[in-house]
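# Geometric and topological summary
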Amino acid sequence: MRIGIAGVGRIGIMHARNVSATPGVTEVILLDAVPGRAAEVAAELGAASGVAVAVRAVEDLPALLAAGPAGLLVTTPTPQHAEVVGAALAARVPVLVEKPLAGDLATIRDLIRQVEASGVPVLVGFQRRFDPGIAELKQRIAGGAIG
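Residues numbered from 1 in each chain as written. Predicted model: local features only at pLDDT ≥ 70, side-chain atom pairs only at ≥ 80, totals over all residues. Heavy atoms only, no water.

Another aspect to go through is the nonpolar core. In globular proteins that are soluble, nonpolar side chains generally tend to be buried together. Within the largest apolar cluster, 21 residues are counted, with the highest numbers of intra-cluster contacts made by Leu 61, Leu 72, Val 74, Val 85 and Val 97. With 4 residues, the single largest contributor to this core is helix H4 (residues 78–90). Setting aside anything within four residues of it in sequence, one finds Val 85 in contact with Val 74, Val 95, Val 97 and Leu 111. Judged by nonpolar contacts, the second largest core, of 15 residues, contains Ile 5, Ala 16, Val 19 and Ala 38. (Core = buried A, V, L, I, M, F, W, Y, C linked by side-chain atoms within 4.5 Å. Buried < 20%, exposed > 50% of the residue type's maximum accessible area, 1.4 Å probe, protein only. Helix = DSSP H or I, 4+ residues; strand = E, 2+ residues; numbered from the N terminus. Contact = heavy atoms within 4.5 Å.)

Before going further, it helps to spend a moment on the packing of H4 against helix H5 (residues 105–118). Running from amino to carboxyl end, H4 crosses H5 at an angle of 10°, the nearest separation of the two axes being 10 Å. With respect to H5, the element H4 is oriented roughly parallel. Counting all contacts with H4, which are made through Ala 82, Val 85, Gly 86 and Leu 89, the residues of H5 involved are Thr 107, Leu 111, Gln 114, Val 115 and Ser 118. Taken together, the residues of the contact of H4 with H5 sort by class into 5 nonpolar, 4 polar and no charged. (Axes fitted to C-alpha atoms, helices over the stretch in contact; angles between N-to-C directions. Parallel < 35°, antiparallel > 145°, perpendicular 65-115°, else oblique. Nonpolar A, V, L, I, M, F, W, Y, C, P; charged D, E, K, R; others polar.)

Taken N-terminus to C-terminus, the directions of helix H1 (residues 10–20) and helix H2 (residues 37–49) make an angle of 25°; their axes are 10 Å apart at the nearest point. Considering the angle they form, H1 stands roughly parallel to H2. As H1 packs across H2, the resulting crossing turns out to be right-handed. Residues Ile 13, Ala 16, Arg 17 and Ser 20 of H1 touch H2, and the partners they reach there are Val 41, Glu 44, Leu 45 and Ser 49. Per-class residue counts for the contact of H1 with H2 are 4 nonpolar, 2 polar and 2 charged. (Left-handed = near helix turned anticlockwise from the far one by under 90°.)

Dropping the structure here:
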(Lines give C-alpha, C1' and ligand atoms only; values in the text may rest on other atoms or scores of the structure.)
Protein backbone atom coordinates (compact mmCIF):
# COMPACT_ATOMS: atom_id res chain seq x y z
CA MET A 1 0.00 0.00 0.00
CA ARG A 2 1.31 3.47 -0.95
CA ILE A 3 0.61 6.45 1.34
CA GLY A 4 1.38 10.09 0.59
CA ILE A 5 2.16 12.67 3.26
CA ALA A 6 1.90 16.34 2.31
CA GLY A 7 3.90 18.37 4.82
CA VAL A 8 6.67 16.89 6.96
CA GLY A 9 6.98 19.33 9.81
CA ARG A 10 6.58 18.11 13.41
CA ILE A 11 3.17 16.44 12.93
CA GLY A 12 4.02 15.15 9.44
CA ILE A 13 7.17 13.47 10.76
CA MET A 14 5.13 11.77 13.51
CA HIS A 15 2.65 10.50 10.91
CA ALA A 16 5.47 9.40 8.59
CA ARG A 17 7.06 7.34 11.37
CA ASN A 18 3.71 5.75 12.25
CA VAL A 19 2.74 5.03 8.66
CA SER A 20 6.14 3.54 7.81
CA ALA A 21 5.74 1.12 10.76
CA THR A 22 2.23 0.06 9.69
CA PRO A 23 1.93 -3.49 8.34
CA GLY A 24 0.99 -3.51 4.68
CA VAL A 25 2.54 -0.14 3.85
CA THR A 26 5.12 -0.64 1.13
CA GLU A 27 5.87 2.96 0.21
CA VAL A 28 5.60 6.37 1.85
CA ILE A 29 5.77 9.41 -0.43
CA LEU A 30 6.78 12.68 1.26
CA LEU A 31 6.11 16.18 -0.05
CA ASP A 32 7.23 19.37 1.67
CA ALA A 33 7.72 23.00 0.65
CA VAL A 34 10.93 23.41 2.64
CA PRO A 35 13.88 22.37 0.44
CA GLY A 36 15.66 19.30 1.79
CA ARG A 37 13.29 18.59 4.69
CA ALA A 38 11.47 15.69 3.03
CA ALA A 39 14.80 14.15 2.00
CA GLU A 40 16.07 14.29 5.60
CA VAL A 41 12.93 12.57 6.87
CA ALA A 42 13.10 10.02 4.05
CA ALA A 43 16.67 9.11 4.98
CA GLU A 44 15.67 8.54 8.60
CA LEU A 45 12.55 6.52 7.76
CA GLY A 46 14.08 4.37 5.06
CA ALA A 47 16.93 3.31 7.29
CA ALA A 48 14.68 2.60 10.28
CA SER A 49 11.67 0.95 8.67
CA GLY A 50 12.69 -0.93 5.57
CA VAL A 51 9.74 0.69 3.77
CA ALA A 52 10.46 2.47 0.50
CA VAL A 53 10.37 6.22 1.06
CA ALA A 54 10.13 8.58 -1.90
CA VAL A 55 10.47 12.34 -1.97
CA ARG A 56 8.49 14.56 -4.30
CA ALA A 57 8.37 18.31 -4.75
CA VAL A 58 5.18 20.04 -3.61
CA GLU A 59 4.46 20.82 -7.25
CA ASP A 60 4.28 17.05 -7.89
CA LEU A 61 1.11 16.64 -5.79
CA PRO A 62 -1.15 16.26 -8.87
CA ALA A 63 1.12 13.53 -10.29
CA LEU A 64 1.25 11.74 -6.94
CA LEU A 65 -2.53 11.80 -6.65
CA ALA A 66 -2.96 10.65 -10.25
CA ALA A 67 -0.78 7.62 -9.45
CA GLY A 68 -3.45 6.48 -7.00
CA PRO A 69 -1.99 6.19 -3.52
CA ALA A 70 -4.17 4.40 -0.96
CA GLY A 71 -4.43 7.65 0.98
CA LEU A 72 -3.01 11.09 1.65
CA LEU A 73 -2.20 12.58 5.04
CA VAL A 74 -2.39 16.38 4.99
CA THR A 75 -0.13 17.98 7.57
CA THR A 76 0.69 21.17 5.73
CA PRO A 77 0.12 24.58 7.33
CA THR A 78 -3.60 25.29 7.84
CA PRO A 79 -3.92 27.82 4.97
CA GLN A 80 -3.01 25.02 2.52
CA HIS A 81 -5.40 22.36 3.87
CA ALA A 82 -8.38 23.23 1.66
CA GLU A 83 -6.35 23.26 -1.54
CA VAL A 84 -4.58 19.97 -0.83
CA VAL A 85 -7.75 18.22 0.37
CA GLY A 86 -9.61 19.54 -2.68
CA ALA A 87 -6.96 18.10 -4.98
CA ALA A 88 -7.21 14.72 -3.23
CA LEU A 89 -10.99 14.75 -3.53
CA ALA A 90 -10.74 15.50 -7.26
CA ALA A 91 -8.38 12.53 -7.60
CA ARG A 92 -10.69 10.34 -5.45
CA VAL A 93 -7.92 9.70 -2.89
CA PRO A 94 -8.98 9.20 0.76
CA VAL A 95 -7.62 11.83 3.15
CA LEU A 96 -6.65 12.29 6.78
CA VAL A 97 -6.23 16.02 7.37
CA GLU A 98 -4.91 17.51 10.57
CA LYS A 99 -7.10 20.01 12.37
CA PRO A 100 -8.37 22.51 11.58
CA LEU A 101 -9.94 21.67 8.25
CA ALA A 102 -9.34 25.25 7.12
CA GLY A 103 -8.63 28.66 8.60
CA ASP A 104 -12.07 30.25 8.25
CA LEU A 105 -15.69 29.13 8.50
CA ALA A 106 -16.62 29.88 4.89
CA THR A 107 -13.77 27.72 3.57
CA ILE A 108 -14.62 24.95 6.04
CA ARG A 109 -18.26 24.94 4.91
CA ASP A 110 -17.25 24.89 1.25
CA LEU A 111 -14.82 22.03 1.86
CA ILE A 112 -17.47 20.06 3.75
CA ARG A 113 -19.80 20.44 0.75
CA GLN A 114 -17.01 19.17 -1.51
CA VAL A 115 -16.36 16.19 0.76
CA GLU A 116 -20.06 15.28 0.94
CA ALA A 117 -20.50 15.59 -2.83
CA SER A 118 -17.40 13.52 -3.57
CA GLY A 119 -18.16 10.51 -1.40
CA VAL A 120 -14.40 10.22 -0.78
CA PRO A 121 -13.52 9.27 2.83
CA VAL A 122 -12.06 12.23 4.76
CA LEU A 123 -11.07 12.18 8.41
CA VAL A 124 -10.06 15.24 10.41
CA GLY A 125 -7.47 14.43 13.08
CA PHE A 126 -8.67 15.50 16.54
CA GLN A 127 -6.10 13.72 18.66
CA ARG A 128 -6.66 15.99 21.68
CA ARG A 129 -9.81 14.07 22.62
CA PHE A 130 -7.52 11.23 23.74
CA ASP A 131 -5.37 13.38 26.05
CA PRO A 132 -5.98 12.30 29.67
CA GLY A 133 -6.97 15.80 30.83
CA ILE A 134 -9.46 16.28 27.99
CA ALA A 135 -10.94 12.79 28.52
CA GLU A 136 -11.38 13.51 32.23
CA LEU A 137 -13.01 16.86 31.50
CA LYS A 138 -15.46 15.17 29.14
CA GLN A 139 -16.36 12.58 31.80
CA ARG A 140 -16.89 15.29 34.43
CA ILE A 141 -19.14 17.30 32.13
CA ALA A 142 -21.12 14.21 31.13
CA GLY A 143 -21.49 13.23 34.79
CA GLY A 144 -22.77 16.66 35.75
CA ALA A 145 -19.84 17.48 38.06
CA ILE A 146 -19.02 20.59 36.04
CA GLY A 147 -20.34 22.54 33.10
